[in-house]
Amino acid sequence: MTKQNLIHYIYGIADNALILGQRLSELCGHGPTLETDIALTNIALDLLGQTRSYYQYISNLTTDGSTEDDVAFLRKERQYRNVLLVEQPNTDFAYIIVRQYFYDVFHYMLLQELQLSKDVNLTAIADKSIKEVGYHQQFSGDWVKRLGDGTSESHDKTQQAVNDLWVFTEELFHLSNEDKIVVDSGHGINPKSFKDQYFNKISTLLEDATIKVPESKYFQKGGKDGIHSEHMGYILAEMQYMQRTYPDMKW
Amino acid sequence: MTKQNLIHYIYGIADNALILGQRLSELCGHGPTLETDIALTNIALDLLGQTRSYYQYISNLTTDGSTEDDVAFLRKERQYRNVLLVEQPNTDFAYIIVRQYFYDVFHYMLLQELQLSKDVNLTAIADKSIKEVGYHQQFSGDWVKRLGDGTSESHDKTQQAVNDLWVFTEELFHLSNEDKIVVDSGHGINPKSFKDQYFNKISTLLEDATIKVPESKYFQKGGKDGIHSEHMGYILAEMQYMQRTYPDMKW
Amino acid sequence: KNLEEIFEAKIARDEKIEPKDWMPEKYRKTHIRQISQHAHSEIVGMLPEGNWITRAPSLRRKVALLAKVQDEAGHGLYLYSACETLGISREELYEQLHSGKAKYSSIFNYPTLTWADIGAIGWLVDGAAIINQVPLCNTSFGPYARAMVRVCKEESFHQRQGYEIMMTLCNGTQEQKDMAQDALNRWWWPSLMMFGPTDEESTHTAQSMKWKLKRKTNDELRQQFIDQTVPQADILGLKIPDDNLKYNNDTGHYDFGEIDWSEFWQVVKGHGKCNKERLNARKNAWENGKWVREAAMAYADKQHQRKTKQTG
Amino acid sequence: KNLEEIFEAKIARDEKIEPKDWMPEKYRKTHIRQISQHAHSEIVGMLPEGNWITRAPSLRRKVALLAKVQDEAGHGLYLYSACETLGISREELYEQLHSGKAKYSSIFNYPTLTWADIGAIGWLVDGAAIINQVPLCNTSFGPYARAMVRVCKEESFHQRQGYEIMMTLCNGTQEQKDMAQDALNRWWWPSLMMFGPTDEESTHTAQSMKWKLKRKTNDELRQQFIDQTVPQADILGLKIPDDNLKYNNDTGHYDFGEIDWSEFWQVVKGHGKCNKERLNARKNAWENGKWVREAAMAYADKQHQRKTKQTG
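Owing to the predicted nature of the structure, the values given are computational and were not obtained by experimental measurement.

(A) Spotlight on the overall build of chain A. The number of helices and strands found in chain A is 11 helices and zero strands. Mapped from its N terminus to its C terminus, chain A presents α and β elements in the order α-α-α-α-α-α-α-α-α-α-α. Over its C-alpha trace chain A gives a radius of gyration of 18 Å, about what one expects of a compact globule, namely 18 Å for 251 residues. Counting only C-alpha atoms and orienting by the principal axes, one finds that chain A spans roughly 55 × 40 × 30 Å. Counting over 251 residues, chain A shows a buried share of 67%. Intrachain contacts of chain A at a sequence separation of at least 6 include 80% that bridge at least 24 residues. Summed over its atoms, the accessible surface of chain A is roughly 8,900 Å², and 49% of this surface lies on carbon and sulfur atoms.

Here it is as structure tokens:
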């Protein structure tokens, strides 16, 4: 395994946290209640904090003096490795919650495995993050139940969000050839090991929330190979604006 | 009058065309009918064409080798001199049409005067543009009438748009101190000379369209001094994305 | 029976069928299906390119792209008008698009990710479209044939413009060249799929041949596209992403690798990357525009009434 | 009469009035007005800074800004809770905000145009807020006083953070320093207006003094702010945009120029640059969240019924 492989692999985890954190940041001040506003901001803060840990590690691994901010803000769209799920827009609160739940459950299982990595930096980040992510999945799972089993309006919106976002779940388990090298070396983890567990868990909760589990056999992928949705360009234009417009400055 | 004064003055005209052209570009492919989609795109094309003429002239006036694209894409938000009106969002078709009409009528009167400028480059652009802008005001004026005197729904939406956008009309006639120098030199024109005519004309058409003319005595300004609305940053982040992300390249 | 013979004879003599002429129901239906599918493709095709208008890298390119997308709206307009002559309204046609009953070209269900995609679409997608469409300038149904003459003229302008974007990128920095290569990598196979399934899998062909809706088979057209495009890629200095691509001295054509037909069918069935976004964008435009169309009609009615009152 | 005497005596002894205590109706009303206005200011105040979260120039700054805006939501929460103890519901309070009946601090009706505005808001706006709020930690109404203790602690952290942003800019490139100066130019006068109209124009002051809702007059507080802030600007190397600003050796205070009160009243009356946007943002959040709040209640009811069924 080369250092480049490892960096590539870490992007595959960290970019999810960055982009989902960015998406949640858009919502700050616009939530349906103050309490949910604060809770979603908390999740965003946790995710961005984790992003920083991963990027600082990447920054240490690189030899070109890249900082965490270079890594965060100065890559081109095709170099971001987040999954399509996390870049999906904040269509409504049901989308926000379902997107979060689909990600949180995966994220928790991923960190559980990552705690067993040979890479002490990764296990340290995983150890530090897993408790936070446990709260995230509790929060989003509770809200899926509230919305799914709330009013008929909230049920329909939640079912719609689940139907639309379901196609992005499979990609969470995608491993690129480069990722496989890192997995085989014992530094990365193979998400396929908990794929069944994942789908069992979310299906059980969806049923509990009176939501029908979609049966589509078609899934979308591409994000992990840098082939994003058309949303991504707009996320980056906004997120990178300052770094691009005022290069090489300290803030 | 210095060259800098003149450049500053031209930005005050050209940036309106750029930003309104950009706003209209967002709509391409999303119009209520194919015919209006094509018509609004035509207006955008005319405005962007005019923008290029002005910026090419500015590019000739500068001594630092700035191209029309440097001028269009590499200024900072505070350096753009467009009025607040043209940066207002595409809230709905009524806003789009009313914004357009409020601008078109001003634009036409401005070009009429600009044809008398001492500056042959400006008169040439005005000569070339005025016929186009005549069509614009015909189109937007006709639609204000259709929407205002159409259904009760369209009437209410139009009234709302007029109420919200009215506060931005006064700024069209604002002259900065630098502008005044250019006006006094005979190169620029003083829009105050047709201010009454402007408000008479739009008020008559609004009444014809069964729309109540707002009576507010409070107006917004700032754009011409580079103090924009919060919308502007997002317009620029998107518009400048390529030039900022890939500096010094030919496209 | 006599009418049908006159009709068949006309087509055989290469004369045009006009809307007022008698025509078999199947001819009408097939033409409504094909022309509307073509019109829908123009309209939906505005969206992937429209995605880059606000971010075009220069004013010149912004204007050109905006004008190009506008041309597509214009093509949609001619084609819907041609289709309406067959006795179907624009509302019905839209309804078929929005409900998913009518199809549009699957190529527009792929996302535009970089500026180079705008070049690649012009070069490859418009290039493929022209090959599909040029023969239609001589198709039997007059309004369709005439619309196609205009469409093809503009399309070939668009294709040159797209190729020129690619050329500029390939003459630019390494980063720009990489961007061009990446776009070619992503658009090459979907462009080949634009000619439809292989001849063995294709339906309607015999009938379409007779009515001059088709003059060559899918595979023939695909081969023509490849033969035309490979040398263009060479000039750009780009590599076509097909390791099996090779000039065959015996046939005088390029051999090429296997197309991933499962991807083709996935997209056709509505599960491509952007099917949902594209259809939603069209539906939203239509639904959000409802009050505007109603206002225009109400106003026109009022104006009419005012006039008749005055004169009456 | 007796109740009122007990109440007055309590306040005089610097004891707290608690929600369960008897209080005059005017005391209740005044407190609802002031505490809710304060709560609304926190909530509306999230918006101008929230405008830069997605564009913050570094991850560290993004996290800090997000946390800061979240703190404001937290302040809103304590203050609404304090207000609710006076017998008014959160829905009613929001209703007053959305209808324009209740006010919020006018400073939040100015736009945030550059990143430096985030620094300037922390430094100046939070700085002014602290001066207004510190005395409220000892106000007579217990829940309000306790909320203010928490609020003030966090605000002073925010102020230091804002000043540090300004410091970083002023130690940066010329462009960054210009950005900082520009932000100071735009936020200075509105910050001075945060202390309200001059004492001659101000109403309610005597009553508020008695209830310890106010300990100093608007003009005194404004002077304190100026005296504190001018040296901070000097350290940054920035020029305060007031040509009449000058230290007065006789008074030991800074003299300063005339405030544009017509601007103040224009913004208070709803005609500032962002009044409409701010109120719309809050109304939209509330209206778009209606179905979510209903779902949460419906679910809670169902859960409750399920439990009572099980146990019953």
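(B) Inspection of the packing of helix H6 (residues 120-148) of chain A against helix H7 (residues 152-166) of chain A at higher detail. Residues and elements named next belong to chain A. In contact at an axis separation of 7 Å, H6 and H7 are set at 125 degrees when each is read in the N-to-C sense. Compared by their axis directions, H6 and H7 come out oblique. Taken together, the residues of H7 that come into contact with H6 (itself represented by Arg 146, Leu 147 and Gly 148) are Ser 154, His 155 and Thr 158. Looking at the contact of H6 with H7 residue by residue, the classes come out as one nonpolar, four polar and one charged.

(C) Quick look at the interface of chain D and chain A. If you look at the interface, chain D gives 48 residues, while chain A gives 48 residues. Between chain D and chain A, roughly 4,100 Å² of surface is buried when both sides are summed, and carbon and sulfur atoms account for 70% of that area. Looking at the side of chain D facing chain A, the largest losses of area belong to Thr54(D), Leu59(D) and Trp291(D), adding up to 19% of the total buried there. A salt bridge links Arg90(D) to Glu35(A), with the nearest nitrogen and oxygen atoms 2.5 Å apart. Linking chain D with chain A are 15 residue pairs in polar contact (both at pLDDT 80 or more), by the criterion used here. Listed by contribution, the elements that provide at least two residues to the side of chain D that touches chain A are helix H3 (46-50), helix H4 (59-84), helix H5 (90-99), helix H7 (142-170), helix H8 (174-193), helix H12 (275-288) and helix H13 (290-311) of chain D. A per-element tally of the side of chain D that touches chain A places H4(D) first, with 14 residues. Residue classes in the side of chain D that touches chain A are distributed as 28 nonpolar, nine polar and 11 charged.

(D) Spotlight on the packing of helix H6 (residues 115-133) of chain D against H7(D). All names here are of chain D. For the pair H6 and H7, interaxial distance at closest approach is 7 Å and the crossing angle is 145 degrees. Crossing of H6 against H7: the hand is left-handed. Taking contact as the criterion, the partners of Trp 115, Ala 116, Ile 118, Gly 119, Ala 120, Gly 122, Trp 123, Asp 126, Gly 127, Ile 130 and Gln 133 in H6 are, on H7, Met 148, Val 151, Cys 152, Glu 155, Ser 156, His 158, Gln 159, Gly 162, Tyr 163, Ile 165, Met 166 and Leu 169. Of the residues contributing to the contact of H6 with H7, the split by class is 13 nonpolar, eight polar and two charged.

(E) How the structure looks around the interface of chain B and chain D. Between chain B and chain D, the residue contacts involve 18 residues of the former and 21 residues of the latter. At the boundary of chain B with chain D, total buried surface from both sides reaches about 1,500 Å², with 42% on carbon and sulfur atoms. Here chain B is connected to chain D by four salt bridges. Here Arg278(D) ties to Glu230(B) by a salt bridge, and the two come within 2.7 Å at their closest N and O atoms. On inspection of chain B and its partner chain D, the count reaches 11 residue pairs in polar contact (both at pLDDT 80 or more). Those elements giving two or more residues to the side of chain B that touches chain D turn out to be helix H7 (152-166) and helix H10 (231-239) of chain B. Among the elements that take part in the side of chain B that touches chain D, H10(B) stands out by supplying three residues, more than any other. In terms of residue class, the side of chain B that touches chain D is built from five nonpolar, seven polar and six charged.

(F) The arrangement of H8(D) in detail. Residues and elements named next belong to chain D. With 20 residues, H8 should cover 28 Å at 1.5 Å per step; its first-to-last C-alpha distance of 29 Å lies within 8% of that length. At Trp 187, H8 shows its largest bend, some 35 degrees, and a proline, Pro 190, comes one to four positions later. For H8, the buried fraction is high: 15 of the 20 residues fall into the buried class.

(G) Fine view of the nonpolar core. Counting residues in each nonpolar core, the largest one holds 184 residues, and the members touching the most others are Phe102(B), Tyr198(B) and Trp115(C). The leading source of residues in this core is helix H5 (residues 93-114) of chain B, at 15 residues. Excluding residues that lie within four positions of it along the chain, Phe102(B) makes contacts with Leu85(B), Val162(B), Leu165(B), Trp166(B), Thr169(B), Leu172(B), Tyr198(B), Ile202(B) and Leu206(B). Counting 183 residues, the second-largest nonpolar core is a separate cluster that includes Ile7(A), Phe141(D), Met148(D) and Val230(D).

(H) Structural detail: the confidence of the model for chain C. Of all residues in chain C, 99% have pLDDT values of 70 or greater, and the mean over the chain is 95. Complex prediction metrics read pTM 0.96 and ipTM 0.95.

(I) Structural context of the pattern of salt bridges. Tallying each qualifying case throughout the model produces 60 salt bridges over all chains. Between Asp149(B) and Lys302(C) there is a salt bridge, with its nearest N and O atoms 3.1 Å apart. Of the two residues, Asp149(B) is situated in the loop between helix H6 (120-148) and H7 and Lys302(C) in helix H13 (residues 290-311); the pairing between them involves two chains. Asp149(B) gets classed as buried once you look at its relative accessible area, which sits at 7%. Among the residues examined, Lys302(C) registers a relative accessible area of 27% and is labelled partly exposed. One salt bridge in this structure joins Glu164(D) and Arg60(D), with 3.7 Å as the shortest N-O distance. You can see Glu164(D) sitting in helix H7 and its partner Arg60(D) sitting in helix H4, a full 104 residues away along the chain. The exposure class assigned to Arg60(D) is partly exposed, which follows from its relative accessible area of 39%. Salt bridges sharing common partners tie together Arg78(A), Asp117(C), Asp182(C) and Arg186(C).

(J) Main features of the packing of aromatic side chains. In this structure the tally under the stated criterion is 50 aromatic pairs over all chains. Ring centres of Tyr103(B) and Phe106(B) lie 6.2 Å apart, and the angle between their planes is 45 degrees; this geometry places the pair in the tilted category. With a gap of three residues between them, Tyr103(B) and Phe106(B) both fall in helix H5, about one helical turn apart. Where Tyr246(B) meets Trp251(B), the ring centres are 5.8 Å apart and the plane angle is 75 degrees; that geometry is what we call edge-to-face. No difference in accessibility class separates Tyr246(B) from Trp251(B), as the two residues are buried. Clustering of aromatic rings is evident, with ring pairs tying together Phe102(A), Tyr103(A), Phe106(A), Trp166(A), Phe173(A), Phe194(A), Tyr198(A) and Phe199(A). The lysine or arginine in question, Lys157(B), covers the ring of Trp291(C), its NZ or CZ lying 5.2 Å from the ring centre.

What counts, and where the lines are drawn
Residues numbered from 1 in each chain as written. Chains lettered and ligands numbered in written order. Predicted model: local features only at pLDDT ≥ 70, side-chain atom pairs only at ≥ 80, totals over all residues. Heavy atoms only, no water. Helix = DSSP H or I, 4+ residues; strand = E, 2+ residues; numbered from the N terminus. Rg over C-alpha atoms; globule rule 2.2 N^0.38 Å. Buried < 20%, exposed > 50% of the residue type's maximum accessible area, 1.4 Å probe, protein only. Contact = heavy atoms within 4.5 Å. Areas by Shrake-Rupley, 256 points an atom, 1.4 Å probe, with all protein chains shown as cover. Axes fitted to C-alpha atoms, helices over the stretch in contact; angles between N-to-C directions. Parallel < 35°, antiparallel > 145°, perpendicular 65-115°, else oblique. Nonpolar A, V, L, I, M, F, W, Y, C, P; charged D, E, K, R; others polar. Buried area = accessible area lost by both parts, 1.4 Å probe. Salt bridge = Lys/Arg side-chain N within 4 Å of Asp/Glu carboxyl O. Polar contact = N/O pair within 3.5 Å; in protein donor to acceptor, adjacent residues only side chain to side chain. Left-handed = near helix turned anticlockwise from the far one by under 90°. Expected span 1.5 Å × (residues − 1). Bend = angle between axes of the 7 residues up to and from the residue. Core = buried A, V, L, I, M, F, W, Y, C linked by side-chain atoms within 4.5 Å. pLDDT = per-residue confidence, 0-100. Phe/Tyr/Trp six-rings, centres within 6.5 Å; stacked < 30°, edge-to-face > 60°. Lys NZ or Arg CZ within 6 Å of the ring centre and 35° of its normal.

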